[in-house]
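# Tertiary structure, described
Here is how the chains run, residue by residue.
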Amino acid sequence: MASSISAWTPRDVIRWGIIGCGDVTEVKSGPGFQKSTGSKLVAVMRRNATRAEDYARRHGVPKWYSDADALINDPEVDAVYIATPPGSHLEYALRVAAAGKPCHVEKPMARNTAECDAMVAAFAKAQLPLFVAYYRRAQPRFLQVKSLIDEGALGQVTHIGYTFTDPRHAAQAGAENASRFPGPPMRSGALPWRLDAENAGGGFFLDIGSHTLDLLDFFFGALDNVSGHAANFASPYAVEDTLAMSFRTPAGIPGTASWDFAGIVRQTEDFFQFTGTKGRLTFSTFGNDPLLLDTGDGFVQQFPFAPPPHVAQPLIQTVVDDLRGAGKCPSTGVTARRTTRVMDAVLDSYYGGRQDAFWKRPDKWPGRKKA
């Protein structure tokens, strides 16, 4: 399959450089660039030179940098993976596009739709591919979900529902509770970058909810008629901790979803329910529980899946294949921009608009909890 991007010439091996070789790259994604067929990780960058050198040494990477431009312009780097917080995605992506190289960006793609639009436009102008790390699109577990839907195992889908509840706001949720959460815990006295709007674009919803919304886009297409509300009921930070939304799919299927990062529950609630005329499918975004298909005949079919050792590797392989002219990646700047658009619609009233640099005016956020 030939590449559709005219400024990029497919080659046998893609040599990668990583900007931001932090925790997310240790197991989840970094090894995927080393273990995927036709891929090599040749350089890493981190502003802390000592940590960049340590990462390169531990992972057997030939080069390390403390300057992003040095990595981007390295002639031995063919493509760049941006693994920094979303607040710097636009800046780095524009530099990669200007250097004439393809780019793979961590999710969420950016802080708002306006930044996504600027990224998509830059790579379109440069005629270069832009990918985004919504890695669940390539995992066998979620490919099975899509197959069941597309093959009619549920009949006509009549409703889509999703619920996530977990008290991630609690400052006392220390390392001992880390296994309950899909991301790093909030420690007393610290404000993780995921709760800093300038770095993250919002709260945990941007980091966690984006996975779920991207899966809905993958399963059903671009969501439409999106409306929602956000609030902060119990958290010591300025961004939202509770959200609810409604939507329709392109086929008109109604759906609802909610995220509660402040509600006390004994065990994290994280489940989809897709209901149709012939069956109901239940599964989670973050768990490793089997998919459950109930067709109403007294028998519930289970579809178990073991998680990949490096959860992002299946998607990375599709990115590499796309760049080699041997396949197509299902997660691009265009698809990821749609997920950011949905999040902006849900959060718009909380922040008093999302198209400007809203992170610079936190005192004017209408939804912010009053002291």
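Attention here is on the structure that accompanies the text. (Residues numbered from 1 in each chain as written. Predicted model: local features only at pLDDT ≥ 70, side-chain atom pairs only at ≥ 80, totals over all residues. Heavy atoms only, no water.)

### Description of the packing of helix α9 (residues 204–220) against helix α11 (residues 333–351)
For clarity, the cut-off: Between N-to-C directions, angles cover 0 to 180 degrees, with each direction set by a line fitted to C-alpha atoms, over the stretch in contact for helices. Elements are defined by DSSP. Helices are runs of H or I of four residues or more, strands are runs of E of two residues or more, and each kind is numbered from the N terminus. Convention used here: angles under 35 degrees read as roughly parallel, angles over 145 as roughly antiparallel, angles from 65 to 115 as roughly perpendicular, and any remaining angle as oblique. By definition, any crossing whose near helix is turned counterclockwise from its far helix by less than a right angle is left-handed, and any crossing with a clockwise turn is right-handed. Contacts are residue-level and defined by heavy atoms, with any inter-residue pair within 4.5 Å sufficient. Throughout, the ten residues Ala, Val, Leu, Ile, Met, Phe, Trp, Tyr, Cys and Pro are labelled nonpolar, Asp, Glu, Lys and Arg are labelled charged, and all others, Gly among them, are labelled polar.
Interaxial distance between α9 and α11 falls to 9 Å at its minimum, and their mutual angle equals 120 degrees. For the element pair α9 / α11, the angle class is oblique. Like other packed secondary-structure pairs, α9 and α11 cross with a definite hand, here right-handed. Between α9 and α11, the contacting residues are Phe205, Leu206, Ser210, Leu213, Asp214 and Asp217 on the first element and Thr335, Arg338, Thr339, Val342, Met343, Val346 and Leu347 on the second. Here the residues of the contact of α9 with α11 sort into 7 nonpolar, 3 polar and 3 charged.

### Points about the pairing of strand β11 (residues 269–276)
The line we're drawing: Paired strands, as defined in this entry, are two strands with at least two bridges between them according to DSSP.
The pairing of strand β7 (residues 157–165) with β11 spans 8 bridges and is antiparallel. Residue pairing for β11: Gly161 is matched across the bridge by Gln273. Pairing analysis gives 4 bridges linking β11 to strand β12 (residues 280–283), with the strands arranged antiparallel. Within β12, the residue paired with Phe272 across the bridge is Phe283. The antiparallel hairpin formed by β11 and β12 contains 3 residues in its connecting segment.

### Let's talk about the packing of helix α6 (residues 113–126) against α11
Relative orientation of the contacting elements α6 and α11 amounts to 165 degrees, with a least axis distance of 9 Å. Judged by the angle between their axes, α6 and α11 are roughly antiparallel. You can see that α6 and α11 cross each other, and the crossing is left-handed. Listed contacts from α11 to Thr113, Cys116, Asp117 and Val120 of α6 are Gly333, Val334, Arg337, Thr340, Arg341 and Asp344.

### Section: the side chain of Thr165
Here is the rule we go by: Buried residues are those whose accessible area, probed at 1.4 Å on protein chains only, stays under 20% of the maximum for their type, while exposed residues exceed 50% and partly exposed ones sit between those limits.
With respect to the helices and strands, the residue Thr165 is situated in strand β7. Classification of Thr165 by relative accessible area gives buried; the value is 10%. Apart from the residues lying within four places of it in its own chain, the contact partners of Thr165 are Asp260, Gly263, Val265, Thr268 and Glu269.

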